[in-house]
Amino acid sequence: CVYETGVGAGSLALLAALPPPERRSLIDDESARIARYPGFTSAALSRWVDDAVRRGYAYSPERVLQGMSAVGVAIRDSRGHPIGSISLSGIAQRVRGERLKEIVELLQAQCAVMQSDHEKARKERDLKHARIERGCKFARTSCHCNAPCG
């Protein structure tokens, strides 16, 4: 299911991870589209994003569907810029209290793994590009030549 920016917990987490001016601009751009959801206004979305910034994760208690709640956490690159998010939705009674804390910890731990993997892949890509620029004939595969490739 795809929702407008800020409606789902994952996109709410992404909004919260953006710099304030960019965040404000996106909220303003989405105001007409989110109005079709009961209770969704630019002011409400701004409050929810501010709450997510303070908490470090987005929490959507029965905002979209009665009886369903969701949690979202942003995935960031090494500079802290959001590159994605992961979220979980479930029966509202199971996404609160101590269980909510457990879910948030699990999502944050998985984000840390994904962020680490993203950084490793970025470093490998940068090294490969440097080898190509230096003219290493093996750079497109695995470099095992004796040239100072990396």
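These remarks concern the structure in this document. (Residues numbered from 1 in each chain as written. Predicted model: local features only at pLDDT ≥ 70, side-chain atom pairs only at ≥ 80, totals over all residues. Heavy atoms only, no water.)

## Comments concerning the packing of aromatic side chains
1) Next: Taken as a whole and judged by the stated rule, the model has two aromatic pairs.
2) Next: Taking the centre distance of 4.8 Å and the plane angle of 75 degrees together, the rings of phenylalanine 40 and tryptophan 48 count as edge-to-face.
3) Next: Accessibility expressed as a relative area gives 3% for phenylalanine 40, which makes it buried. (Phe/Tyr/Trp six-rings, centres within 6.5 Å; stacked < 30°, edge-to-face > 60°. Buried < 20%, exposed > 50% of the residue type's maximum accessible area, 1.4 Å probe, protein only.)

## Examining the packing of helix α2 (residues 20-34) against helix α3 (residues 42-55)
1) Next: At a minimum axis separation of 9 Å, α2 and α3 run at an interaxial angle of 135 degrees. When the axes of α2 and α3 are compared, the pair comes out oblique. Crossing of α2 against α3: the hand is right-handed. For the pair α2 and α3, contact is made by Arg23, Arg24, Ile27, Ser31 and Ile34 and by Ser42, Leu45, Ser46, Val49, Asp50 and Val53, respectively. (Axes fitted to C-alpha atoms, helices over the stretch in contact; angles between N-to-C directions. Helix = DSSP H or I, 4+ residues; strand = E, 2+ residues; numbered from the N terminus. Parallel < 35°, antiparallel > 145°, perpendicular 65-115°, else oblique. Left-handed = near helix turned anticlockwise from the far one by under 90°. Contact = heavy atoms within 4.5 Å.)

## Let's talk about the nonpolar core
1) Next: Of all hydrophobic cores here, the largest spans 18 residues; its most connected members are Leu12, Leu15, Phe40, Leu45, Trp48 and Val49.
2) Next: Mapped by element, the contributors of at least two residues to this core are α1 (9-17), α2 and α3.
3) Next: Setting aside chain neighbours within four positions, we find leucine 15 in contact with Thr5, Gly6, Arg23, Leu26, Ile27, Leu45 and Val49.
4) Next: Core analysis: the next-biggest nonpolar cluster, separate from the first, contains twelve residues, Tyr57, Leu100, Val104 and Cys111 among them. (Core = buried A, V, L, I, M, F, W, Y, C linked by side-chain atoms within 4.5 Å.)

## A short note on a nonpolar patch on the surface
1) Next: Taken together, Leu65, Met68 and Ile91 make up a surface patch of nonpolar side chains, about 270 Å² in accessible area.
2) Next: Relative to the assigned elements, methionine 68 resides in strand β2 (residues 68-76). (Patch = residues over 30% accessible without salt bridge, like charges linked within 9 Å, V, L, I, M, F, W, Y side chains within 5 Å. Areas by Shrake-Rupley, 256 points an atom, 1.4 Å probe, with all protein chains shown as cover. Salt bridge = Lys/Arg side-chain N within 4 Å of Asp/Glu carboxyl O.)

## A closer look at unusual backbone geometry
1) Next: The backbone of glutamate 62 shows a phi angle near 55 degrees, a positive value even though the residue is not glycine.
2) Next: Among the structural elements, glutamate 62 can be located in the loop between β1 (58-61) and β2.
3) Next: Since its relative accessible area comes to 39%, glutamate 62 is described here as partly exposed.

## Examining the pattern of salt bridges
1) Next: Tallied over the full model, the rule gives seven salt bridges.
2) Next: In this structure, aspartate 28 engages arginine 24 in a salt bridge whose closest nitrogen and oxygen atoms are separated by 2.7 Å. Of this pair, aspartate 28 and arginine 24 both sit in helix α2, four residues apart, which is roughly one turn of the helix.

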